[in-house]
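# Fold and geometry: a report
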Amino acid sequence: MSEPPLPVRESGTPSAPEPDPRSVPESDTHCPYCALQCGTRLRGARAAEVTVRPADFPVNRGRLCQKGWTAPQVLSAADRLTRPLVRRPDGRLAEASWDVALDRVAEGLRGIRDRHGPDGVAVFGGGGLTNEKAYLLGKFARLALGTSQIDYNGRFCMSSAAAAGNAAFGLDRGLPFPVTDLGEAQTVLLAGANVAETMPPLMQHLDQAELIVMDPRRTATARRAALHLQPAPGTDLALALGLLHIAAVDGLLDRDYIRTRTRGFDDALRRAMAWWPERVEALTGVPASDQRRAVRMLAGARNAYVLTGRGVEQHSTGTDTVAGFVNLALALGLPGRTGSGYGCLTGQGNGQGGREHGQKADQLPGYRSITDPAARAHVAGVWGVTPDRLPGPGRSAYELLDALGGEHGPRGLLVFGSNPVVSAPRSAHLTDRLAALDLLVVADFVPSETARMADVVLPVTQWAEEEGTLTNLEGRVLRRRALLSPPPQVRSDLEVLRDLAVRLGEPAGRWSADPREVFDELRAASRGGRADYSGISYRRLDARESLHWPCPDAPGRHPGTPRLFLDRFAHPDGRARFTAVDHQGPAEDIGPAYPLYATTGRVLAHYQSGAQTRRVAELTGAVPEPFVEVHPDTAVRSGVVDGSLARISSARGSMTARVRVDPTMRLDTVFAPFHFPGDGRANLFTHPALDPRSGMPEFKVCAVRLEPLPGATP
Ligand SMILES: Nc1nc2c(c(=O)[nH]1)N[C@H]1C(S)=C(S)[C@@H](COP(=O)(O)OP(=O)(O)OC[C@H]3O[C@@H](n4cnc5c(=O)[nH]c(N)nc54)[C@H](O)[C@@H]3O)O[C@H]1N2
Ligand SMILES: Nc1nc2c(c(=O)[nH]1)N[C@H]1C(S)=C(S)[C@@H](COP(=O)(O)OP(=O)(O)OC[C@H]3O[C@@H](n4cnc5c(=O)[nH]c(N)nc54)[C@H](O)[C@@H]3O)O[C@H]1N2
Ligand code: SF4
Ligand SMILES: [Mo]
């Protein structure tokens with residue numbers, strides 16, 4: 001797929017006069033990247049001069065990772081989008097005025113709607129959007145477009161843990177406790193999480209604990225562990241069942257807790273009893289003695305936590321697998337106790353808030369269900385419409401992308417805050433789907449691989465140029481504060497949505513683009529919902545109050561809820577639920593044609609699709625190109641050598657990557673990061689099988705073949 005060249009900008013941003021050093025602006029805000037949302041203090045009068053240092057914030061306590069330190073460089077990226085771009089008849093993207101660009105979008109959307117009905121247009125959002133943006137995007141889809149077809153990249157992220165958390169606890173908040181509580185732990189099980197690379201400042205909260213790390217690779221995190229369990233990809237549920245089995249047989253269950261605080265234990269245990277240690281060892285490769293040691297470490301600790309990451313969640317059996325780990329935690333009496341617990345390590349900057357305010361296909365703000373008549377009536381009331389104006393649930397993310405441009409699928413797509421050309425599974429197919437659209441609109445601040453395919457590209461503000469709120473992995477609501485004003489021709493996502501809504505015939509009074517006003521509307525929409533923000537205000541956040549939702553607008557000032565479930569779980573009877581789950585293999589197994597498991601994930605230096613971090617010299621210097629980790633013996637068998645280029649192929653497609661031989665890899669498994677574009681996309685080979693309960697794709701396991709790149713010199 002050739003990408004049309006981008007226009008050369010005619011003139012740079014006019015340079016401002018030299019700032020007076022005594023009046024250099026400063027701003028306390030948070031990192032633009034991951035869900036840890038490290039507190040930062042920015043300083044600088046111009047984009048190219050912004051410096052960052054850690055602010056006084058309990059989550060990162062004086063630390064940042066390499067991405068956080070270099071984040072300001074994206075503000076002045078050489079190819080930063082500073083003017084709207086519209087595709088011309090000759091196929092080239094050319095600069096245009098906002099009026100021309102927005103008219104083209106509105107006209108295109110209206111035309112598709114006339115021909116195909118409101119579900120002919122779709123919206124794809126992101127977990128990096130502020131709460132205000134996520135909220136307004138959901139409202140825009142339902143009201144201004146009238147479409148049910150909205151979903152977002154969080155579906156690819158923590159949706160399995162969310163589904164399992166809702167089922168077990170009656171509520172989904174990634175960590176139901178502040179990260180500082182982890183400092184009390186004696187033992188922490190990290191199941192499929194590589195926090196030393198994905199959330200480095202979190203490691204300081206784990207310094208006191210003995211870590212058990214469950215990962216097919218010997219990661220930086222695994223190297224810090226007291227015990228590293230190295231299962232084959234996609235076998236975690238068997239391992240979780242095996243650990244529960246051992247706890248039961250060895251008399252390590254918390255019987256009192258199980259009796260008084262949970263339901264459904266017997267059925268769950270019955271399944272686990274079929275997974276004795278030797279059977280688990282045969283399937284997973286984890287020695288029975290290590291399984292026993294893990295259970296003793298967890299059950300014998302005064303305080304212990306079980307934390308899951310994408311490694312166990314991004315599977316077509318992800319929800320059941322998380323349930324297996326929740327069952328283990330419940331059987332040991334951990335959740336809902338001070339100093340112990342279960343949590344999912346949410347990933348994106350606003351991965352938590354982004355899943356609460358209505359950009360999900362089945363959801364209305366406040367973590368409400370779009371099929372619940374009372375929820376519809378409440379939200380319609382806040383929006384000033386009758387409930388019958390709200391569409392029903394739409395397709396989940398991959399199903400939505402897969403349907404684009406097809407006979408019954410949407411013909412137009414608006415993308416805010418995602419780069420699915422790189423990050424969605426089976427990306428060659430996805431690129432075809434995007435190319436089949438009548439209208440693709442992308443709002444971004446850099447020409448991402450997805451933006452390069454668009455008919456209209458809308459240049460938007462970046463984190464240091466905007467106000468808003470995000471909710472971090474602990475459910476703590478944080479203020480993003482502007483340091484700089486944006487480049488002159490750049491608008492905020494909120495302004496873009498308002499301008500489009502008005503062009504589509506919505507009354508202007510219904511669409512504020514002021515973040516504070518949008519937040520106040522979000523508060524009202526969330527009032528009484530599961531994620532209740534009604535007691536949170538910019539004023540309280542700016543007074544440096546630490547506020548975790550739920551925080552209802554109660555008489556007096558609700559202090560927020562840093563710790564959930566201490567008295568009761570969120571089900572009506574106050575009890576947590578075990579789920580009776582059993583192991584199932586991955587959607588695709590290895591065989592003669594594709595003899596190796598491939599798994600995918602992250603490296604410290606890059607973020608997600610790399611759209612931002614591949615524009616930072618220091619980060620591309622650290623990891624310049626795609627690579628594949630492989631055991632030396634497997635490399636020999638595959639005919640590839642360290643440092644050469646190889647092809648990793650599945651039944652869906654091939655990725656090209658530089659070979660990194662690593663003797664700590666399993667013989668049957670290779671690993672590739674998904675941060676790179678073009679032929680280096682790991683998602684060219686990943687499997688799009690979806691978890692039936694969460695819609696999560698099988699990013700973490702499929703069958704591949706490794707071979708030398710034809711024509712490349714070894
Ligand atoms: N540097 C960096 N940090 C990030 C991000 C980033 O892109 N870059 N993204 C943020 C986001 S959105 C997220 S979701 C988080 C993700 O944070 P993590 O979940 O820590 O990240 P991953 O690397 O996707 O997966 C973690 C580990 O799972 C292992 N794994 C693969 N398959 C399996 C399996 O079948 N079983 C088990 N047990 N483990 C398996 C991988 O080897 C990998 O080391 O990181 C956040 N932080
Ligand atoms: N193979 C494989 N694939 C994966 C994963 C994996 O582990 N393996 N992990 C999955 C996970 S966990 C995730 S979270 C996804 C993430 O994948 P993506 O959704 O592609 O995430 P990003 O690369 O962060 O893309 C965000 C895009 O939006 C832009 N952007 C950032 N902030 C804003 C904003 O406020 N407004 C607008 N308009 N644009 C903004 C950025 O410049 C960037 O182009 O990838 C998934 N894909
Ligand atoms: S750990 Fe996450 S929030 Fe903290 S500096 Fe790194 S990317 Fe930013
Ligand atoms: Mo994620």
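Criteria and thresholds
Residues numbered from 1 in each chain as written. Chains lettered and ligands numbered in written order. Predicted model: local features only at pLDDT ≥ 70, side-chain atom pairs only at ≥ 80, totals over all residues. Heavy atoms only, no water. Domains from an automatic or database assignment. Contact = heavy atoms within 4.5 Å. Buried area = accessible area lost by both parts, 1.4 Å probe. Buried < 20%, exposed > 50% of the residue type's maximum accessible area, 1.4 Å probe, protein only. Helix = DSSP H or I, 4+ residues; strand = E, 2+ residues; numbered from the N terminus. Pairing = 2+ DSSP bridges. Axes fitted to C-alpha atoms, helices over the stretch in contact; angles between N-to-C directions. Parallel < 35°, antiparallel > 145°, perpendicular 65-115°, else oblique. Left-handed = near helix turned anticlockwise from the far one by under 90°. Near = heavy atom within 4 Å. Polar contact = N/O pair within 3.5 Å; in protein donor to acceptor, adjacent residues only side chain to side chain. Areas by Shrake-Rupley, 256 points an atom, 1.4 Å probe, with all protein chains shown as cover. 1 Å grid on protein atoms, 1.4 Å probe; cavity = no way out; pocket = protein on both sides within 12 Å on 5 of 7 lines; lining within 4 Å. Sits in = over half its atoms within 2 Å of the grid points. Nonpolar A, V, L, I, M, F, W, Y, C, P; charged D, E, K, R; others polar.

Examined at the domain level, the chain breaks down into domain 1 (26-76), domain 2 (85-156 + 350-514), domain 3 (160-344) and domain 4 (596-708). If you average the C-alpha positions of domain 2 and of domain 4, the two centres end up 30 Å apart. Each partner contributes residues to the interface: domain 2 has 21 residues there, and domain 4 has 22 residues. Between domain 2 and domain 4, a total of about 1600 Å² is buried, with carbon and sulfur atoms accounting for 61% of that surface.

With that settled, the discussion passes to the pairing of strand E16 (residues 412-416). By the criterion of burial, E16 is predominantly enclosed, with five of the five residues buried. Residues of E16 alternate between two faces, with Gly412, Leu414 and Phe416 on one and Leu413 and Val415 on the opposite face, all of them buried. Here four bridges tie strand E6 (residues 121-125) to E16, and the two strands are oriented parallel to one another. Bridging across to E16, Val123 finds its partner in Leu414. The sheet contact formed by E16 and strand E17 (residues 439-444) spans five bridges and is parallel. Bridge pairing links Leu413 to Leu440 in E17.

Following both chains from N to C, one finds helix H14 (residues 373-383) and helix H19 (residues 515-526) inclined at 155°, their axes separated by 9 Å at the closest point. One way to sum up the angle between H14 and H19 is to call them roughly antiparallel. Crossing angle aside, the handedness with which H14 passes H19 is right-handed. On H19, the residues touching His378, Val379, Val382 and Trp383 of H14 are Glu521, Ala524 and Ala525.

Turning our attention to the site of ligand 1. Contacts to ligand 1 come from 33 residues, most closely from Asp215, Asp236, Arg602, His606 and Gln608. Take Thr599: an N or O atom from its side chain is 2.9 Å from a nitrogen atom of ligand 1. Protein contact buries 99% of the 910 Å² of open area that ligand 1 shows by itself. Because more than half of its atoms lie within 2 Å of the grid, ligand 1 is assigned to the second largest cavity. Going through the elements one at a time, helix H5 (195-198), helix H12 (310-313) and strand E23 (596-601) are the ones with two or more residues in the shell around ligand 1. A per-element tally of the shell around ligand 1 places H12 first, with three residues. Grouping the constituent residues of the shell around ligand 1 by class yields ten nonpolar, 15 polar and eight charged.

Looking now at unusual backbone geometry. In this model, Trp549 is joined to Pro550 through a cis peptide bond whose omega is -5°. Note that Pro550 resides in the loop between strand E21 (547-548) and strand E22 (576-577). Even without being glycine, Tyr367 reaches a positive phi, approximately 60°. For Tyr367, the location among the structural elements is in the loop between strand E14 (363-364) and strand E15 (368-369). The phi torsion at Gln608 lies on the positive side, around 55°, for a residue other than glycine. Looking at the secondary structure, you find Gln608 in the loop between E23 and helix H21 (617-622). Residue classification places Gln608 among the buried positions, given a relative accessible area of 17%.

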